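# A structural walkthrough
Residue strings, one per chain:
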Amino acid sequence: MWLLSRKGVSGFSSSSTAEDVTRGIDGTGLTAIVTGASSGIGAETARVLALRGVHVIMGVIDMIGAENVKEAILKEIPTAKVDVMELDLSSMASVRNFASKFNSSDLPLNILINNAGIFGTPFTLSKDNIELQFAINYVGHFLLTNLLLGTMMKTTQESKKQGRIVNVSSVAHRSTYDERILFKKINDQSSYNAWLAYGQSKLANILHANELARRLKSRVERENQRMWPFSRKGGSGFSSSSTAEDVTHGIDGTGLTAIVTGASSGIGAETARVLALRGVRVIMGVIDMIGAKNVKEAILKEIPIAKVDIMELDLSSMESIRKFASKFNSSGLQLNILINNAGILATPFTLSKDNIELQFAINYLGHFLLTNLLLDTMKKTTRESKKQGRIVNVSSVGHRLTYREGILFEKINDKSSYNAWLAYGQSKLANILHANELARRLKEDGIDIIVNSLHPGLVATNIYIHSRLLTGIFKMLGPFLVDKITGFVGKNVRQGASTTCYLALHPQVSGISGKYFVDNNLADAHSHRKDIDLAKKLWDYSINLT
């Protein structure tokens, strides 16, 4: 047995078992599909993956045999996660049905093991009139892989964990037809040889793996080349492609309390999730209570120990803002972080409940009043905890596109002067000026609270709901294409929330106040942004309005 048991460079040999080669590996959190798992190698593969904590989906035609295997696994490993799904690889309809069912399950897919196979069968055609060994051993797996690839790519992108596809071939791939693959005679009974046909199908498994690997590698290289200008890291060590989890990795926010406005969807919801993930107690200040409840449930499902509360807040109503602040201030809770995130974009001319142009009211003035009403609680928290307070204003690069005067102080509510996009830019410029002026005042008073503003990036969230143009484009293209397009020129929500979370938690920002950030790095804003007199005038104007 010496020749058969010599260890190779991996440290394992032909005598190594599946348990040997996976000893000490923790597969918790991974999901794998194993075809042909109702017996033999497939059943043992399923057992050992389950033993290592992997959630195993058994794709099988023999449902009775699979249930027996599942029972045996659960008897040995009571905590195992094993599911059985019917899959007939000789039927494209069955393959498509399996893939559709799995893809709609919302389960991740980290590992796909194309294991099922038949050997040396008499000439037979599949349900799709393809020679049976070629159909089951190769074509069925080829189709299955293609149909599941989108889910695998999504899982890889979101989890930052490498995906793996394993094709079970055979040394018999060396023994095939002279032409290797009988492309024009796959279904020719007169040319059929059971053993050579098996070798052909196993060669096809290898060729499939090689070509798919080449294509995936090429895709990654193209993505890197395409995204290189947008993903270069700045002085912070982060870039536009960094996610909120990336920029807060290793940071412990236990003991901190944060208020996040507009946390019922989009960037606000992701901000709340990541802060909660880092141990921060999160108060979601929202108008959409149902949406917020759904977000809270999702956070608690992912992070059972998370501390998340919901409080109603309508930023278009000063009465609602005062009620929110009064309720929070009297709760006895600390306030370390305030994230002024909620916003609307390019709405038709509308007045708020206090007769103020709606974008200016919600995006800026509501947050100005909220911040002022909560500031004493923040100061007290900072003083008692000896921890720096942080206020984050979510602005936009849209601040560059505003009225010539910057802020139309005399015509805020003038319908004849209104332009939806310039009004949005005006409100976002106001967010920056607010942050700058508040930072200046706090610094003068020697209070350890920093205030910064940011552009989150182009992210497809429901902030666009009031823009007929953008809503029309989104409806026309559909969610899938919108996601692809924004992924090319913009960001996904996880990336969009990163600069907010960076400013809220990262120690690199300590002591930096009155600055504007883009892609987790300091950036230059429009010249209006640096206008100290404009900032002071806006402050006084806002005090009078509120």
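Residues numbered from 1 in each chain as written. Predicted model: local features only at pLDDT ≥ 70, side-chain atom pairs only at ≥ 80, totals over all residues. Heavy atoms only, no water.

Under the annotation held in an unreviewed UniProt entry, the chain carries the name Short-chain dehydrogenase TIC 32, chloroplastic and is attributed to Mucuna pruriens.

## As for the sheet that holds strand E10 (residues 389–394)
To keep things clear, this is the line we draw: Here, strands pair whenever DSSP counts at least two bridges between them. Each helix corresponds to a stretch of at least 4 residues labelled H or I by DSSP, and each strand to a stretch of at least 2 residues labelled E; elements are numbered beginning at the N terminus. Throughout, a residue-residue contact means that at least one pair of heavy atoms, one from each residue, lies within 4.5 Å. To get an axis, fit a line to the C-alpha atoms, keeping to the stretch in contact for a helix; angles then go from 0 to 180 degrees between the N-to-C directions.
Strand order in the open sheet formed by eight strands is E8-E7-E6-E9-E10-E11-E12-E13, and the pairing between neighbours is mixed. One side of each edge strand has no neighbouring strand; the edge strands of this open sheet are strand E8 (308–312) and strand E13 (521–522). As defined by bridge partners, strand E6 (residues 257–261) adjoins strand E7 (residues 281–286) across five bridges and the pair is classed as parallel. The partner of Thr-257 across the bridge, within E7, is Arg-281. Those strands touched by helix H10 (residues 289–302) are E7 and E8, and its axis lies near 175° from that of E8. Most of the contacts of helix H11 (residues 318–329) go to E8, to which it runs at about 145°, and overall it touches E6, E7 and E8.

## Comments concerning the packing of aromatic side chains
For clarity, the threshold we go by: Only centres within 6.5 Å qualify two rings of Phe, Tyr or Trp (six-membered ring in Trp) as a pair; their planes then separate them into stacked at under 30 degrees, edge-to-face at over 60, and tilted for everything else. Throughout this description, buried means an accessible area under 20% of the type-specific maximum (1.4 Å probe, protein chains only), exposed means over 50%, and partly exposed covers the range between.
In the structure shown here, the tally under the stated rule is twelve aromatic pairs. Plain terms: the ring middles of Phe-349 and Tyr-418 are 5.2 Å apart, the flat faces sit at 75° to each other, and that makes the pair edge-to-face. Of this pair, Phe-349 sits in the loop between strand E9 (337–340) and helix H12 (358–385) while Tyr-418 is found in the loop between E10 and helix H13 (420–444), placing the two residues 69 residues apart along the sequence. Here Phe-349 falls in the partly exposed class, since its relative accessible area comes to 23%. Taken together, a centroid distance of 5.0 Å and an interplanar angle of 80° make the contact between Phe-368 and Trp-539 edge-to-face. A residue pair is termed long-range when its members are at least 10 positions apart, and Phe-368 in helix H12 and Trp-539 in helix H17 (residues 532–545) qualify at 171 residues. As far as the burial class goes, Phe-368 and Trp-539 line up, both buried. Put simply, the rings of Phe-360, Tyr-364, Phe-368 and Trp-539 touch in pairs and so form one group of aromatic residues.

## A closer look at the pattern of salt bridges
Under the convention used in this document: By definition, a salt bridge exists where a carboxyl oxygen of Asp or Glu is found within 4 Å of a side-chain nitrogen of Lys or Arg.
Counted according to the given criterion, the structure contains 17 salt bridges. Asp-88 is the partner of Lys-127 in a salt bridge, and the nearest nitrogen-oxygen pair spans 2.7 Å. One end of the pair, Lys-127, is in the loop between strand E4 (111–114) and helix H6 (132–159); the other, Asp-88, is in the loop between strand E3 (82–86) and helix H5 (92–103), and 39 residues separate them in sequence. For Lys-127, a relative accessible area of 62% puts it in the exposed group. Among the ionic pairs, Asp-309 bridges to Arg-281, the shortest N-O distance being 2.8 Å. Here Asp-309 is found in strand E8, whereas its partner Arg-281 is found in strand E7, with 28 residues between them in sequence. Judged by relative accessible area, Asp-309 falls into the partly exposed class, the value being 25%. Overall, Arg-281 belongs to the partly exposed group, its relative accessible area being 28%.

## Digging into the environment of Glu-67
Relative to the helices and strands, Glu-67 resides in helix H4 (residues 63–76). On the basis of relative accessibility, which here comes to 34%, the residue Glu-67 falls in the partly exposed class. The sequence separation of Glu-67 and Asp-83 amounts to 16 residues, and the corresponding C-alpha distance is 8.9 Å.

## Points about the packing of H12 against H13
Where we set the bar: Roughly parallel here means an angle under 35 degrees, roughly antiparallel means over 145, roughly perpendicular means 65 to 115, and every remaining angle is called oblique. Rotating anticlockwise by less than a right angle from the far helix to the near helix defines a left-handed crossing, while the corresponding clockwise rotation defines a right-handed one. Residue type decides the class: Asp, Glu, Lys and Arg count as charged, Ala, Val, Leu, Ile, Met, Phe, Trp, Tyr, Cys and Pro as nonpolar, and the leftover types, Gly among them, as polar.
Between H12 and H13, the shortest axis-to-axis distance is 8 Å and the interhelical angle comes to 20°. Classified by the angle between their axes, H12 and H13 sit roughly parallel to one another. By crossing handedness, the relation of H12 to H13 is classed as right-handed. Along the contact surface, H12 presents Gln-359, Phe-360, Asn-363, Tyr-364, His-367, Phe-368, Thr-371, Leu-375 and Lys-379, while H13 presents Ala-420, Ala-423, Tyr-424, Gln-426, Ser-427, Lys-428, Ala-430, Asn-431, His-434, Leu-438 and Leu-442. Here the contact of H12 with H13 is composed, by residue class, of ten nonpolar, eight polar and two charged.

## Some points on helix H16 (residues 498–505)
Counting buried positions along H16 yields eight of eight residues, so the element is predominantly enclosed. Turning to H16, its buried residues are Ser-498, Thr-499, Thr-500, Cys-501, Tyr-502, Leu-503, Ala-504 and Leu-505.

## A few points about the packing of H11 against H12
At a minimum axis distance of 10 Å, the contact between H11 and H12 shows a crossing angle of 20°. Taken together, the axis directions place H11 and H12 in an arrangement best described as roughly parallel. Note on packing geometry: the crossing formed by H11 with H12 is right-handed. Between H11 and H12, the residues in contact are Met-318, Ile-321, Arg-322, Phe-324, Ala-325, Phe-328 and Asn-329 and Leu-365, Gly-366, Leu-369, Leu-370, Leu-373, Leu-374 and Thr-377, respectively.

## Quick look at the nonpolar core
We apply this condition: As used in this record, nonpolar core signifies buried Ala, Val, Leu, Ile, Met, Phe, Trp, Tyr and Cys residues forming a set joined through side-chain atoms within 4.5 Å.
Core analysis: the largest hydrophobic core is formed by 45 residues, its most contacted members being Ile-259, Phe-360, Leu-374, Ile-391, Ile-407 and Leu-538. If you list the elements that add at least two residues to this core, you get H11, H12, H13, strand E11 (449–455) and H17. No other element matches the twelve residues that H12 contributes to this core. With residues near it in sequence (within four places) discarded, Ile-407 still touches Phe-360, Ile-412, Gln-426, Leu-429, Ala-430, Leu-433, Leu-534 and Leu-538. Judged by nonpolar contacts, the second largest core, of 39 residues, contains Leu-275, Ile-299, Cys-501 and Ala-504.

## Some words on the confidence of the model for the chain
Rules: pLDDT expresses how confident the predictor is about each individual residue, on a scale running from 0 to 100.
For the chain, per-residue confidence averages 89 on the pLDDT scale, and residues scoring 70 or more make up 89% of the total. A low-confidence stretch, residues 224–230 stays under pLDDT 50, and its non-local contacts, those more than four residues away or across chains, total six contacts. Within the model, pLDDT remains below 50 along residues 463–489, and this stretch shows 35 contacts once partners closer than five positions in the same chain are excluded.

## Topic: the sheet that holds strand E1 (residues 31–35)
Reading across from one edge, E3-E2-E1-E4-E5 is the order of the five strands in this open sheet, with parallel pairing throughout. Whereas interior strands pair on both sides, the edge strands pair on one side only; in this sheet they are E3 and strand E5 (164–167). Sheet twist, expressed as the mean angle between neighbouring strand axes with direction ignored, is 15°. Docked against the sheet, H5 engages E1, strand E2 (55–60) and E3, running at close to 140° with respect to E3.

## Re the environment of Arg-441
Mapped onto the elements, Arg-441 comes out in helix H13. When residues no more than four places from it in sequence are discounted, the contact partners of Arg-441 are Trp-539 and Asp-540.

## Focus on the side chain of Thr-31
Relative to the elements of secondary structure, Thr-31 occurs in strand E1. Discounting residues that sit within four places of it in the chain, Thr-31 has contacts with Val-54, His-55, Ile-57, Phe-102, Pro-108, Leu-109, Asn-110 and Ile-111.

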